[in-house]
Amino acid sequence: MSDNASEVINFKPYKRLVENVPQEIKQAAQVHKVPVESIDIDIAAVNTQYRTKKDTNWSEATKDVLKKIETPKYMLMPTLQLQQTYEIIFRPAIENTPLQLNYNITSDEYKSKIMARITSEQPFSRHPKIGSMLLEEINKKKLKLGLVINIFDKSLKEKLRTLSEEIKNGEEIDSFDVVISECSAPTSSVNDKLIEHFKIAQEEKQKKEDGSVDHSDRGFAVGVYEGELILEYQKPILGKNGRNCLGEFIEAPKPTMQHKPQFKIGHGIEIDENDMRILYKAAIVGSVVYEPGLLDITDKIKMNGASFRGSGTINVGKDKDIALEIESKDDTMDSIASGVRVECTELNVKGVVGAGAEVHAKRVFVDGMTHAKAIIEVDENAEISHHRG
């Protein structure tokens, strides 16, 4: 027999009124110079107290009060405080007892739901009070884990009632899974978010059939149809408070609000709003105007020259009734430079359409010159002052 076993045999049981069972067990082991596993407990009495304001006295929780506390209304009350004191008999652990239970304990991150797989080396006894015996042993385990008992244990008691009936009916059971304590887990808050749907759609248009991206199309101008979703503002959502199985209240963190729209809305935008989000849709066909302080849809776009390096491809579509006016303020530069592709309903150019430029439109008006190697494709009407070649 080991020295520790000898010390356990000589350890006389004693009763104490305690609040923190794990701490008391640790102190008892230190005093008697034995491992913590050599200390066991019996629960002589439990006293649960509560208060709903910090500056009020504690009141004893009757059975009816405990039932109320387990309802969502009271469980999630921020000012509700719980405390328990226990009359505990500390004694040596006994190796051979009627119930030798092994526990595999798991929990969610908030300790608001504690699950256990409980096993025994032999099938559980058919003792008429096997349910009460198991509840007593499980409550001892819960106290050793720092959990409150006789509350938040509805699932546990229902499971033990069912298990008792199965054992009494002759079933041999040596293990079972059970929720030994369950309160209410908090839900996370959701921060606000601004989704630029028109940009997402434009990025999809820039993808080629092989999945690569057409980098010449930089989305300088984005054409949209009436009713098309432009922006979506998702409002912040406050999470739900919770309480853990130690009886502690858990406050859900407040969401951040960093993307609330600050821009003005033009006549080309219609709004659809509810408690969760705001949708900004195009009220007319046109091009999106999205700049600091303004969101709108316009059917006219003015540009100071179009270059491959600057604007890149300009494709607002021929079917969106958008008029594009391009003029280079630099007389040494082409208004539409080499390599630039333009597609719109109507194009008005003041200046030169350069070599290798490509234009696709229903109507084209050029107050200037087009290069011989420029491609001009017109569906309805074209007026060009001077076309070379």
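Model, not experiment: these values are computed from the prediction.

Colleague: How do you make sense of the overall build of the chain when you look at a structure like this?
Modeller: Helices and strands together make up the secondary structure of the chain, namely seven helices and 23 strands. Expected size for 389 residues packed as a compact globule is a radius of gyration near 21 Å; at 38 Å, the chain overshoots this value by more than 25%. Along the longest, intermediate and shortest principal axes, the C-alpha atoms of the chain span 115 × 50 × 45 Å. Of all 389 residues assigned to the chain, the portion counted as buried reaches 37%. Within the chain, contacts between residues at least 6 apart in sequence are counted, and of these 60% link residues at least 24 apart.

Colleague: Would you explain a negative patch on the surface in this entry?
Modeller: A cluster of acidic residues, Glu327, Asp330, Asp331 and Asp367, forms a negative patch at the surface. Along the chain, the position of Asp331 falls in the loop between strand 20 (323-327) and strand 21 (341-353). Classification of Asp331 by relative accessible area gives exposed; the value is 76%.

Colleague: How should I be thinking about the sheet that holds strand 8 (residues 193-196) in this particular structure?
Modeller: Backbone hydrogen bonds are what pair the strands of a sheet, in a parallel or an antiparallel way. As summarised here, the arrangement of the four strands in space is 8-10-15-14, forming an open sheet in which the pairing is antiparallel. Strand pairing shows two members of the sheet lacking a second neighbour, strand 8 and strand 14 (269-273), which therefore form its edges. This sheet shows a mean twist of 15° between the axes of neighbouring strands, independent of strand direction. Pairing of strand 10 (residues 229-234) with strand 15 (residues 277-282) involves five bridges; the strand directions are antiparallel. The residue of strand 15 that forms the bridge with Leu229 is Lys281. Across the sheet, helix 7 (residues 197-205) lies against strand 8 and strand 10, angled at about 130° from strand 10, the strand it touches most.

Colleague: Mind showing me how you'd approach the sheet that holds strand 9 (residues 223-224) here?
Modeller: Ordered by their spatial adjacency, four strands build an open sheet running 9-16-17-13, and the pairing between neighbours is mixed. Each edge of the open sheet is held by one strand with a lone partner, namely strand 9 and strand 13 (264-265). Where strand 16 (residues 286-291) and strand 17 (residues 294-298) come together, five bridges link them in antiparallel fashion. Note on strand 17: the bridge partner recorded for Ser287 is Thr298.

Colleague: Looking at this structure, how should I read the environment of Glu172?
Modeller: As for its position among the elements, Glu172 is in the loop between helix 6 (154-168) and strand 7 (175-182). For Glu172, a relative accessible area of 64% puts it in the exposed group. Along the chain, Glu172 and Ser59 lie 113 residues apart, while their C-alpha atoms are 44 Å from each other. If we skip the residues at most four places from it in the chain, Glu172 touches Pro123 and Arg126.

Colleague: Looking at this structure, how should I read the pairing of strand 14?
Modeller: Here is the key point about a regular strand: its side chains alternate between the two faces of the sheet. Pairing between strand 14 and strand 15: five bridges, direction antiparallel. Bridge pairing links Ile269 to Ala282 in strand 15. Hairpin connection of strand 14 to strand 15: three residues between the antiparallel strands.

Colleague: Teacher, can you tell me more about the state of the cysteines here?
Modeller: Think of a disulfide as a covalent bridge from one cysteine sulfur atom to another cysteine sulfur atom. According to the stated counting rule, one finds zero disulfides in the structure shown. Just so you know, Cys183 is unpaired, no disulfide at all, and the nearest cysteine sulfur is the one on Cys245, 4.4 Å from it. For Cys183, a relative accessible area of 12% corresponds to the buried category.

Colleague: What am I meant to see in the packing of aromatic side chains here?
Modeller: Ring pairs (aromatic) are described by centroid distance and by the angle formed between their planes. One pass over the structure, following the stated rule, counts five aromatic pairs. Centroid distance Phe124 to Phe176: 5.7 Å. Interplanar angle 65°. Geometry classified as edge-to-face. Linking Phe124 in the loop between strand 6 (113-120) and helix 5 (130-144) with Phe176 in strand 7, this pair joins segments that are 52 residues apart in sequence. Phe124 sits in the buried class, given a relative accessible area of 5%. Consider the rings of Phe198 and Tyr290, whose centres lie 5.6 Å apart with planes at 90°: the pair is edge-to-face.

Colleague: Where do I start with the pattern of salt bridges in this structure?
Modeller: Oppositely charged side chains can form a pair if their charged atoms are brought close together. Following the criterion strictly, the structure yields 21 salt bridges and no others. When the shortest N-O distance is used, the salt bridge between Arg277 and Asp272 registers 3.6 Å. According to the relative accessible area criterion, Asp272 is partly exposed, its value standing at 32%. Three or more residues joined by partner-sharing salt bridges are found here, namely Asp40, Asp42, Arg91, Glu137, Lys140 and Lys144.

Colleague: Is there a simple way to explain the side chain of Gln84 in this structure?
Modeller: Mapped onto the elements of the fold, Gln84 is located in strand 4 (residues 81-92). Residue classification places Gln84 among the buried residues on the basis of a relative accessible area of 8%. Separated by 2.9 Å, the side chains of Gln84 and Thr48 make a polar contact. Separated by 2.5 Å, the side chains of Gln84 and Tyr86 make a polar contact. Those residues in contact with Gln84, other than ones at most four positions away along the chain, are Val18, Glu19, Val46, Asn47, Thr48, Val148, Ile149 and Ile151.

Colleague: Honestly, the side chain of Lys318 in this entry has me stumped. Any pointers?
Modeller: Here Lys318 shows up in the loop between strand 19 (314-315) and strand 20. Judged by its relative accessible area of 18%, Lys318 is buried. Side-chain polar atoms of Lys318 contact the side chain of Asp379, separated by 3.0 Å. Setting aside anything within four residues of it in sequence, one finds Lys318 in contact with Glu343, Cys344, Thr345, His360, Ala361, Lys362, Glu377 and Asp379.

Colleague: I keep staring at the packing of helix 5 against helix 6 and nothing clicks. Help me out?
Modeller: Two measures define how a pair of helices packs: the angle their axes make with one another and the distance between the axes. One way to put it is that helix 5 packs onto helix 6 with a least axis distance of 9 Å and a crossing angle of 140°. Between helix 5 and helix 6 lies a crossing of right-handed hand. For the pair helix 5 and helix 6, contact is made by Ile130, Gly131, Leu134, Leu135, Ile138 and Lys142 and by Leu156, Lys157, Leu160, Leu163, Ser164 and Ile167, respectively. Across the contact of helix 5 with helix 6, the residue classes break down as eight nonpolar, two polar and two charged.

About the thresholds
- Residues numbered from 1 in each chain as written.
- Predicted model: local features only at pLDDT ≥ 70, side-chain atom pairs only at ≥ 80, totals over all residues.
- Heavy atoms only, no water.
- Helix = DSSP H or I, 4+ residues; strand = E, 2+ residues; numbered from the N terminus.
- Rg over C-alpha atoms; globule rule 2.2 N^0.38 Å.
- Buried < 20%, exposed > 50% of the residue type's maximum accessible area, 1.4 Å probe, protein only.
- Contact = heavy atoms within 4.5 Å.
- Patch = residues over 30% accessible without salt bridge, like charges linked within 9 Å, V, L, I, M, F, W, Y side chains within 5 Å.
- Areas by Shrake-Rupley, 256 points an atom, 1.4 Å probe, with all protein chains shown as cover.
- Salt bridge = Lys/Arg side-chain N within 4 Å of Asp/Glu carboxyl O.
- Lys, Arg positive; Asp, Glu negative; His and termini not counted.
- Charge placed at Lys NZ, Arg CZ, Asp CG, Glu CD.
- Pairing = 2+ DSSP bridges.
- Axes fitted to C-alpha atoms, helices over the stretch in contact; angles between N-to-C directions.
- Disulfide = S-S within 2.5 Å.
- Phe/Tyr/Trp six-rings, centres within 6.5 Å; stacked < 30°, edge-to-face > 60°.
- Polar contact = N/O pair within 3.5 Å; in protein donor to acceptor, adjacent residues only side chain to side chain.
- Left-handed = near helix turned anticlockwise from the far one by under 90°.
- Nonpolar A, V, L, I, M, F, W, Y, C, P; charged D, E, K, R; others polar.

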